[in-house]
Amino acid sequence: NFRTARYHAPTGASPWSVTSGGPASDPAYALRSVGGVVYVAGTSSNGTNNDVLTVGLDAATGAEVWQDRYDQSGNERAPAMAAAGARTGCPEGVHA
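All figures in this text were calculated on a predicted structure; none of them were measured in a lab. (Residues numbered from 1 in each chain as written. Predicted model: local features only at pLDDT ≥ 70, side-chain atom pairs only at ≥ 80, totals over all residues. Heavy atoms only, no water.)

Asks: Whenever I open this one, the confidence of the model for the protein confuses me. Can you help?
Replies: Note: predicted coordinates in regions of low pLDDT should not be interpreted at a detailed level. Taken residue by residue, the protein gives an average pLDDT of 76. The fraction at 70 or more is 72%. Across the protein, element-level confidence peaks in strand E2 (residues 16-20) with a mean pLDDT of 89 and bottoms out in strand E8 (residues 90-95) with 45. The low-confidence segment residues 91-96, where pLDDT is below 50, has 25 contacts with residues more than four positions distant or belonging to other chains. (pLDDT = per-residue confidence, 0-100. Helix = DSSP H or I, 4+ residues; strand = E, 2+ residues; numbered from the N terminus. Contact = heavy atoms within 4.5 Å.)

Printed below as a string of structure tokens:
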């Protein structure tokens with residue numbers, strides 16, 4: 001799983017912290033903030049291989065707005081992501 005947290009710059013306080021993904025140690029590769037939503041893309045194990053997991057989190061509260069998993073027959077990863085407009089996060093990934 002990967003953790004996403006918001007920090008208050010002057011104090012370093014964290015108003016929220018969210019864990020996404022499965023039980024394995026899954027890395028996040030990309031983060032974008034657009035229109036009040038924080039998009040995070042990373043790799044998440046499905047027990048057999050790795051999938052791309054993209055989550056959308058409300059920037060103010062950390063509540064999950066949505067999540068999507070991309071799963072093909074091999075290992076997928078998302079080393080980059082583009083976000084254009086409100087509620088759109090498009091990971092650019094690799095299938096191996």
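The discussion continues.
Asks: Any chance you could explain the nonpolar core here in plain terms?
Replies: Grouped burial of nonpolar side chains is what soluble globular proteins tend to show. With nine residues, the main nonpolar core is built from Phe2, Trp16, Val18, Val38, Val40, Leu53, Val55, Leu57 and Ala59. Elements that contribute at least two residues to this core include exactly E2, strand E4 (37-45) and strand E5 (50-58). Considering every element that reaches this core, the biggest residue donor is E5, with three residues. Excluding anything up to four places from it in sequence, Leu53 contacts Phe2, Ser20, Gly21, Val40, Ala41, Gly42, Ser44, Gln67, Asp68 and Arg69. (Core = buried A, V, L, I, M, F, W, Y, C linked by side-chain atoms within 4.5 Å. Buried < 20%, exposed > 50% of the residue type's maximum accessible area, 1.4 Å probe, protein only.)

Asks: Explanation requested: the packing of aromatic side chains in the structure shown.
Replies: Each aromatic ring pair is described using two quantities: the centre-to-centre distance and the angle formed by the ring planes. Applying the stated rule across the entire model yields one aromatic pair. Relative to Trp66, the ring of Tyr39 has its centre 6.0 Å away and its plane inclined at 50°; by these criteria the two rings are tilted. Taken together, the residues Tyr39 in strand E4 and Trp66 in strand E6 (residues 64-70) connect sequence positions 27 residues apart. A relative accessible area of 0% places Tyr39 in the buried class. Since its relative accessible area comes to 24%, Trp66 is described here as partly exposed. (Phe/Tyr/Trp six-rings, centres within 6.5 Å; stacked < 30°, edge-to-face > 60°.)

Asks: I'm lost on the side chain of Thr4 in this one. Help?
Replies: If you trace the backbone, Thr4 turns up in strand E1 (residues 2-6). When near neighbours in sequence (up to four residues on either side) are disregarded, Thr4 contacts Trp16, Ser17, Val18, Leu31, Val38, Val40 and Leu57.

Asks: So what exactly am I meant to see when it comes to the sheet that holds E4 here?
Replies: Hydrogen bonds between backbone atoms are what pair the strands of a sheet, whose relative direction is either parallel or antiparallel. Strand order in the open sheet formed by four strands is E3-E4-E5-E6, and the pairing between neighbours is antiparallel. Because the sheet does not close on itself, it has two edges, and the strands there are strand E3 (28-34) and E6. The sheet shows a mean angle of 15° between the axes of neighbouring strands, taken without regard to direction. Pairing of E5 with E6, which is carried by six bridges, proceeds in the antiparallel orientation. (Pairing = 2+ DSSP bridges. Axes fitted to C-alpha atoms, helices over the stretch in contact; angles between N-to-C directions.)

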